[in-house]
Each structure stands twice: as C-alpha cells, then as structure tokens.
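Commentary on secondary and tertiary structure
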Amino acid sequence: MKCAANGSGTRCSGAATTVCARCEAVAYCSLSHRIAHWNHHKNECDRLKQQMESVDLLNHFPFTFFHQATFQVCAKQETRCSFLSKRGLHQVGMWMSECHCGASSSSFDLLGLNNGWDLPSVLCPCLGPESLVSEQLCSWRDYYKWRSIQLDSPVALLLHWPLTVYHAAQLVGITALNLAVSDKLYIHYLGPEKELLQLAVFGELQVLIPGVHIHIELVGPAIPPQRDGEKISISKYPCCNEAKCVCKLENENVISGTQTGSSSALTLRLWQGFYHDRYKDIVKDSFPHLIIAPNGGVAAYSSWLPSIELIEKINVPAVFTDYCEEACHLAASCIKTVTGRSLRLPVQLNPFRQPIAVEDSVLLLPCYSNCFLFGM
C-alpha cells in the first residue's frame, strides 16, 4: 500500500505502516508524513471513518470462497494470481486480464471473441436458463439460484459486467416490459478496458432483459483504432470445458466478427475515442436509453468534464460506478460543479460488484470493481 502522502513533498522513508488512528482508512510511511498530510486529510477523515464502518457489508458475499477473495486478498495472504491458479484459470481465455500479469486491452486483437468459461457446466451459464426471470434479481445469490450455478463458481468475477448493466437499467426504470423501450434497447457504455477481452459474457444480457434487441455502443480510448466502428453479434453463451456438453452444438458459429446488416439479440459496436468526441457519429442510429460508465474515475480524469456536460444536455439517465464509496463521493462533487445540481441516483452499494478485492488499493477500505454506483 502506498503512503497517503506520497508525491506531496519529501520522499517516503519506507513501507506505509503508520495508520491514521482516527479513520484507519489511510496509511503513512512515517509519523512525520502523517502529520504533514493532516491539512489535506482532515477534510476527508470523518467521511472515511464512516465508510470504514461498512467494511463487513462490503466484504459480504454468498460465495464459498468469499473469505479467500476478500479478507485474504486485502491482507495479502492471497493474490488474484493464486486465486485463479487454484481454479485452473490463471492466464486462460477470458480470465487473462483478471490479474496484473495477464493480458491488457492492448492485446484485444490477439484474442478471439469465442472464448469459453474453461469451467465444468455446473459452474457456468453455458446454456440458457430453465425459466425466464420472473422477478427482479437483487443479489448474486438470486442470480446463481436462477441460473442453477453452484456458489463455489467464480463466474461472478466476469459476470459483474452484464449484471451491473442489468442492475443499472432496473434502477432507472428500464425493463423488458417497459413500453418506452419498445423492442430495442440502446446503451452507451463508456470507458471499457479489460472487459474488451471478456465481451462474450455480455451475451447474458439476452436472458436478463429478454425479448429485446440490445444494442451496446462501447466508447473509449482503450479500443484499438483498427477496431473502430466494428460490429459484433452475440446470440448465445460462452461454452463450458466439457467436450460432450450440448452447449458445443448449440453455440457453433454464434459469435461472429464484423457484421453487415445482420440482426441478433445482442449487438456490440466499438468506438475509439472519448464520448463527447464520438457522440454525433454514434447517435445517427443509436440514441441511448441508458448511459453507463463502469469504474469511471470521474474525479481522476479531466477528460470526463465535456462528456458530463454532454450527458446533462441530452438528459438521458446515466449511471456511473467506481471502486469505492470515496471515489463516488469525489465524482459526485465534480458532477455537481459541472451541472449545478445533485445526483438523481444517490451513491449506493452495487449488489453485483465483483467479489474479489482490488489489490494494492490506496485505501485500507476494501475496493471492488463496480463496487458503488450513482447516477445523473
């Protein structure tokens, strides 16, 4: 963990082992750095202290591996690499970007879109559900029960992307029965990075929001320029690793590359660049019902400001997520500065956050991908 005063003055003297006695959310390399940083930290200390009181709630998951993926990762007794290795998933297929030594989105051209789960059928949704969603899913336990997946399955590490989209749509009132959506749902998905190597998991949206043609525009600087404008059709699910499973037959040639005029239940389109720069091109045939920005880092990047101005102008529901509550608080302050008003959707815990802690966080507060969400 980095010293909270790192980069603010004198050089750090060693590991960050001195914790703020008041909030216990930040650490310092020395007592002198803790004292020197107080003028800055005092403005956030009480807020971080309150957030630290939610640690048990943040770490609460129904999975059999939750202690290993939360407490042990935070305590450095376990790593993402070791967690994946024990399950035969380290640097494999869609799992390659789930650790520091894995692939980055710059490797997008090297990987196909037809990667499977690399898991037995009982541990993954390689086939359609036994029944359609009859009521709103509100937790990972709900989802696993509905999809008949055992709670020792790690698929939530990848499925948090489509489940977060599903949850965001529910929060802003978009459902398959919503007449305003008709038979098409247009989603503008901002800032994709590692999920570019996991696009096949978005096929799950077909059964989460059934009976609707879903069009997702993925917009961001991480998309390779040579893939700009490409359309990807997904109509089935990633396969399991069992040679005789019927998913192999049902999923033959159902995930294809560039499409020309074909229709499917789910279509992804790639746009390289910032949203405010590409918006006019995108909306020629795709005005959004929902804008979503997973792990947006709004407060960390000034490039968000013109995009926020644009979102405010077009008045479309926009949901942002981030790794911790503090990042969302800072983002909300930035958005209020730009728009002049408070959030329409207050900061809240995402029940479909990724169930493995982020390593090397700048806070002692547990962080998870898509952990908290809020909306404007």
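Residues numbered from 1 in each chain as written. Predicted model: local features only at pLDDT ≥ 70, side-chain atom pairs only at ≥ 80, totals over all residues. Heavy atoms only, no water.

1. What about the packing of helix α3 (residues 45–52) against helix α14 (residues 325–339)?
Condition: In this description, a line fitted to the C-alpha atoms serves as the axis of each element, helices being fitted only across the stretch in contact, and the angle between N-to-C directions of two axes falls anywhere from 0 to 180 degrees. Numbered from the N terminus, helices here are DSSP runs of H or I no shorter than four residues, and strands are runs of E no shorter than two. Any angle from 65 to 115 degrees is called roughly perpendicular, while one under 35 is roughly parallel, one over 145 is roughly antiparallel, and all others are oblique. In what follows, residue pairs with any heavy atoms lying within 4.5 Å of each other are defined as contacts. Amino acid classes used here: Ala, Val, Leu, Ile, Met, Phe, Trp, Tyr, Cys and Pro are nonpolar; Asp, Glu, Lys and Arg are charged; the rest, including Gly, are polar.
Here α3 crosses α14 at 135°, and the two axes come no closer than 10 Å. Regarding the angle of α3 to α14, the classification is oblique. Between α3, through Arg47, Leu48 and Gln51, and α14, the contact on the second element is made entirely by Glu325, Glu326, His329 and Leu330. Looking at the contact of α3 with α14, its residues break down into two nonpolar, two polar and three charged.

2. Details of the pairing of strand β3 (residues 184–190)
What counts, and what does not: For each residue, the accessible area found with a 1.4 Å probe, counting protein chains only, is set against the maximum for its type, and the residue is called buried under 20%, exposed over 50%, and partly exposed in between. Should DSSP find at least two bridges between two strands, the strands are regarded as paired.
When you tally the buried positions in β3, you get six out of seven residues, the bulk of the element. By the bridge criterion, seven bridges tie β3 to strand β4 (residues 213–220) in an arrangement that is parallel. Along β4, the bridge assignment pairs Leu185 with Ile214. With three bridges joining them, β3 and strand β8 (residues 290–293) adopt parallel strand pairing. Note that in β8 the partner of Ile187 across the bridge is Leu290.

3. Digging into the nonpolar core
One recurring pattern in soluble globular proteins: nonpolar side chains tend to sit buried together. The condition is simple: By convention a nonpolar core is built from buried Ala, Val, Leu, Ile, Met, Phe, Trp, Tyr and Cys residues, the set being connected through side-chain atoms within 4.5 Å.
Among the nonpolar cores identified, the biggest contains 114 residues, and Trp117, Trp140, Tyr143, Phe202, Ile216, Tyr275 and Phe320 are the most heavily contacted of them. Top contributing element to this core by residue count: helix α9 (residues 156–171), with 10 residues. Residues contacting Trp140, with those up to four places away along its chain left out, are Phe61, Pro62, Phe63, Ala156, Leu159, His160, Leu163, Pro351, Phe352 and Arg353.

4. Observations concerning helix α12 (residues 275–282)
Note on helix geometry: an α-helix contains 3.6 residues per turn, so any two residues three or four positions apart are oriented the same way. Rules: Here, the arc refers to the directions that run from the helix axis to the C-beta atoms.
Buried within α12 are the following residues: Tyr275, Arg278, Tyr279 and Ile282. Down the axis of α12, the smallest arc covering the buried residues is 135°, so these residues share one side. Within α12, the exposed residues directed more than 90 degrees away from the buried face are Asp277 and Lys280. Tucked inside the fold, the buried residues of α12 contact β3, β4, β7 (266–272), β8 and α13 (304–314).

5. A few points about the confidence of the model for the protein chain
Our working rule: What pLDDT expresses is the predictor's confidence in each residue, scored from 0 to 100.
Predicted confidence across the protein chain gives a mean pLDDT of 88, with 91% of residues reaching 70 or more. In the model, residues 252–263 has pLDDT below 50 throughout and makes 20 contacts with residues more than four positions away in sequence or in other chains.

6. Some thoughts on α14
The cut-off we apply is this: Expected helix span is taken as 1.5 Å per residue step, with the number of steps being one fewer than the number of residues.
With 15 residues, α14 ought to run about 21 Å at 1.5 Å a step, and its terminal C-alpha atoms sit 21 Å apart, in line with that. Regarding α14, the residues found buried are Glu326, Ala327, Cys328, Ala331, Ala332, Ile335 and Thr339. For α14, the elements touching its buried residues are α3, α13, β9 (318–322), β10 (345–349) and β11 (372–375). Count one or two residues on from α14 and you reach Gly340, which has phi positive near 80°.

7. Focus on unusual backbone geometry
Located in the positive-phi region is Ser148, a residue other than glycine, with phi close to 55°. Its place among the elements puts Ser148 in the loop between α8 (140–146) and α9. Taking the relative accessible area as the measure of exposure, Ser148 reaches 46% and is therefore partly exposed. We note that Asn315 has phi near 60°; this positive angle belongs to a residue other than glycine. The topology assignment puts Asn315 in the loop between α13 and β9. For Asn315, a relative accessible area of 48% translates into the label partly exposed.

8. Side note on the pattern of salt bridges
Quick reminder of the rule: Here, a salt bridge means any side-chain nitrogen of Lys or Arg that lies within 4 Å of a carboxyl oxygen of Asp or Glu.
One pass over the full model with this rule turns up 15 salt bridges. With a shortest N-O distance of 2.9 Å, Arg22 and Asp46 are connected by a salt bridge. Within this pair, whereas Arg22 is found in the loop between β1 (18–19) and β2 (27–28), its partner Asp46 is found in helix α3, the two being separated by 24 residues in sequence. Here Asp46 falls in the partly exposed class, since its relative accessible area comes to 45%. Of the charged contacts in the structure, one is a salt bridge between Asp228 and Arg278, with a shortest N-O distance of 3.0 Å. Residue Asp228 is located in the loop between β4 and β5 (231–234), and its partner Arg278 is located in helix α12; the two are separated by 50 residues in the primary sequence. Classification of Asp228 by relative accessible area gives partly exposed; the value is 32%. A relative accessible area of 14% places Arg278 in the buried class. Connected via shared salt-bridge partners are Asp228, Arg278, Asp281 and Lys284.

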